[in-house]
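Structure at a glance
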Amino acid sequence: MCGIVGYIGFENAADFMLEGLEKLEYRGYDSAGIAVVGDNHVIKVQKKVGRLANLEAVVKADPNPGHIGIGHTRWATHGEPSEINAHPHRSGKIAVVHNGIIENYEELRAELQARGYVFQSQTDTEVIAHLVEWEFRTSNSLLEAVRKAVKQLRGAYGTVVLNEEEPEHLIVARSGSPLVIGYGIGENFLASDPLA
Ligand code: GLU
């Protein structure tokens, strides 16, 4: 179980999240990634295997200014350490980071595949992204969609969901995994460890 950070406010989300992820490096990880809704209102995901410095170099070379984002350092439990398996995971306009294990991911994956979703990764996490995307189709908000989705998950998890269509909200859920929210003035922060 590794690290999660999130930021919503007026600063550059990527800079803030990379700083937070650095503070979580002590936990160990095999890859890292961030997703930011850019000023063009589109989510961009940037991921890299290995040290956080590798991701920092990618973000520096190809910056995506924006004020809301999620970030992750992964310790693989389902699927090898690779760029495809690194978080965030996407489904349409949704991006998700997740710590922990979804125990019923195989049955959920089969159901989602039957609905037409195509899986890119070998992770248990990707089911959360597609499940939220599916539930969002019949929900009035991302919050409602995540509520419906997490009811179907079994296991210990902390997860954060970002939706291009609702770029003023980050929705978080946890069960047996830590997630803390820092309330600021005009900005809010979240992390899987208070250090970050
Ligand atoms: N089970 C997830 C994966 O393998 C999350 C691992 C983690 O907590 O970093 O991708």
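Predicted model only: the values in this text are computed from it and were never measured.

Observations regarding the nonpolar core
- Residues I102, V127, V132, L142, V146 and L153 are the most contacted members of the largest nonpolar core, which totals 24 residues.
- Elements represented by at least two residues in this core include exactly β6 (94-102), α3 (105-114), α4 (126-136), α5 (142-150), β7 (155-163) and β8 (170-175).
- Take this core: its biggest share by element is six residues, from α4.
- Membership of the second largest hydrophobic core comes to 18 residues, among which are L18, L24, V59 and A191.

Observations concerning the packing of aromatic side chains
- Counted by the stated rule, this structure contains four aromatic pairs.
- Each ring, one from Y7 and one from F16, has its centre 4.8 Å from the other, and the planes form 40°; the classification is tilted. Accessibility classification places Y7 together with F16 in one group, the buried group.
- Both rings, one in Y7 and one in F189, keep their centres 5.7 Å apart while their planes meet at 50°; by these two values the pair is tilted.

Digging into the site of the ligand
- Taken together, 15 residues sit near the ligand, with R74, T77, H87, G100 and D124 positioned nearest.
- Here an oxygen atom of the ligand sits 2.8 Å away from a polar atom, N or O, in the side chain of H87.
- For the ligand, whose unbound accessible area comes to 300 Å², protein coverage reaches 100%.
- Those elements giving two or more residues to the shell around the ligand turn out to be β4 (66-74) and β6.
- It is β6 that provides the largest number of residues to the shell around the ligand, a total of three residues.
- Grouping the constituent residues of the shell around the ligand by class yields four nonpolar, nine polar and two charged.

Each value, and the rule that gives it
Residues numbered from 1 in each chain as written. Predicted model: local features only at pLDDT ≥ 70, side-chain atom pairs only at ≥ 80, totals over all residues. Heavy atoms only, no water. Core = buried A, V, L, I, M, F, W, Y, C linked by side-chain atoms within 4.5 Å. Buried < 20%, exposed > 50% of the residue type's maximum accessible area, 1.4 Å probe, protein only. Helix = DSSP H or I, 4+ residues; strand = E, 2+ residues; numbered from the N terminus. Phe/Tyr/Trp six-rings, centres within 6.5 Å; stacked < 30°, edge-to-face > 60°. Near = heavy atom within 4 Å. Polar contact = N/O pair within 3.5 Å; in protein donor to acceptor, adjacent residues only side chain to side chain. Areas by Shrake-Rupley, 256 points an atom, 1.4 Å probe, with all protein chains shown as cover. Nonpolar A, V, L, I, M, F, W, Y, C, P; charged D, E, K, R; others polar.

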